[in-house]
Amino acid sequence: VLLLLDEVHNLLSQNRTSNSQRATCQWLKGLINRTNTSICLVGVEEFYEALDTEISRRFLKRFSLGSLSSSMKDNQGELQTYFKAIANTAQTIFELKAVPSYTNAHFIKQLWVATGGIPAYISELMKTAIHSIEKHKKNILDIQDLSDAWDTGICGEVSVIKQNPFTLDPKE
């Protein structure tokens, strides 16, 4: 059995008091000791610093997930596979007639530049664009919708460039 605790940084955020952080660490220690279960904590890098030493020594292995890579040779890069899965799900759930193609090399480059290839930002960009097209009663998600979503600033901290990548000429 593996217990996965996602977004654990929210339990140990800087906004919480030291008493509540101590209580959270005590709860985690009790959980580890009582359940004899493998536990995986998932969160942003900074949360690790908030763990007390007794918890830290129980989680000796740390892994960092980087950005998704793209491979235009076979359209099977991590970025393409991730976007294809999100786009297919969006088409099914929201009954979209079309979404940008994961086989379009220029679009994949734009998507990577916009999000740094980080899955959470790719998902957030898609959610924002879908919310907008639903509001306007559209059933086609196009690059302009992603461009408009990017303009909201949701990818500002990870975008590789400051200019909207969805407005760039394919030759750039």
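Residues numbered from 1 in each chain as written. Predicted model: local features only at pLDDT ≥ 70, side-chain atom pairs only at ≥ 80, totals over all residues. Heavy atoms only, no water.

### Looking at the nonpolar core
We count it as follows: To define a nonpolar core, start from buried Ala, Val, Leu, Ile, Met, Phe, Trp, Tyr and Cys residues and group those joined through side-chain atoms within 4.5 Å. Only protein chains enter the accessibility calculation, which uses a 1.4 Å probe; a residue is then buried when its area is under 20% of its type maximum, exposed when over 50%, and partly exposed in between. Numbering of helices and strands runs from the N terminus, with a helix taken as a DSSP run of H or I at least four residues long and a strand as a DSSP run of E at least two residues long. By the convention used here, residues are in contact when the closest approach between their heavy atoms is within 4.5 Å.
Counting residues in each nonpolar core, the largest one holds 26 residues, and the members touching the most others are Phe107, Leu111, Leu125, Met126, Leu141, Leu146 and Phe166. Among the secondary structure elements, those contributing two or more residues to this core are helix H4 (78–94), helix H5 (105–115), helix H6 (119–135) and helix H7 (143–151). Sort the elements by how many residues they give to this core and H6 lands first, with seven residues. Phe107 has contacts with Phe83, Pro100, Ser101, Ile143, Leu146 and Phe166, leaving out every residue within four places of it along the chain. In terms of nonpolar packing, the next biggest core, distinct from the first, is built from ten residues, Leu5, Val8, Ile39 and Phe59 among them.

### Topic: the packing of aromatic side chains
Put simply, the rule is: By convention, a stacked pair of Phe, Tyr or Trp rings (six-membered ring in the case of Trp) has centres within 6.5 Å and planes under 30 degrees apart, an edge-to-face pair has planes over 60 apart, and any other such pair is tilted.
On inspection of all chains with the given rule, the structure shows two aromatic pairs. A centroid spacing of 5.0 Å and a plane angle of 65° characterise the contact between Phe83 and Phe107, whose relative ring orientation is edge-to-face. Pair noted here: Phe83 is in helix H4 and Phe107 is in helix H5, with a separation of 24 residues, a long-range link. For Phe107, a relative accessible area of 1% gives the class buried. Through successive ring pairs, a cluster of aromatic residues spans Phe83, Phe107 and Phe166.

### Notes on the pattern of salt bridges
We count it as follows: By convention in these notes, a salt bridge is any Lys or Arg side-chain nitrogen within 4 Å of a carboxyl oxygen on Asp or Glu.
Counting across every chain of the model gives three salt bridges. Of the charged contacts, one joins Lys127 and Glu124 as a salt bridge, the two residues approaching to 3.6 Å between their closest N and O atoms. Of this pair, Lys127 and Glu124 both sit in helix H6, three residues apart, roughly one helical turn. Judged by relative accessible area, Glu124 falls into the partly exposed class, the value being 32%. Between Lys138 and Asp142 there is a salt bridge, with the nearest N and O atoms lying 4.0 Å from each other. A relative accessible area of 34% means that Lys138 is categorised as partly exposed.

### What to know about the side chain of Gln110
Note the cut-off: Polar contacts, as used here, are pairs of N or O atoms within 3.5 Å; protein pairs need one atom able to donate a hydrogen and one able to accept it. Residues neighboring in sequence count only if both atoms are side-chain atoms.
Counting through the fold element by element, Gln110 comes out in helix H5. The buried category is assigned to Gln110, whose relative accessible area is 5%. Here the side chain of Gln110 touches Phe166 through a polar contact of 3.4 Å, landing on its backbone oxygen. In this structure Gln110 touches Ile143, Pro165, Phe166, Thr167 and Leu168, once residues within four positions along its chain are discounted.

### Things to note about the environment of Ser69
Assignment of secondary structure puts Ser69 in the loop between helix H3 (53–56) and H4. Given the relative accessible area of 37%, Ser69 is considered partly exposed. The sequence separation of Ser69 and Thr81 amounts to twelve residues, and the corresponding C-alpha distance is 9.9 Å. If sequence neighbours within four positions are ignored, Ser69 has contacts with Gly77, Glu78, Leu79 and Gln80.

### Re the side chain of Ser123
Mapping Ser123 onto the fold places it in helix H6. Residues in contact with Ser123, not counting those within four places in the same chain, are Tyr82 and Ile86.

Honestly, it's all geometry; don't read function into it.
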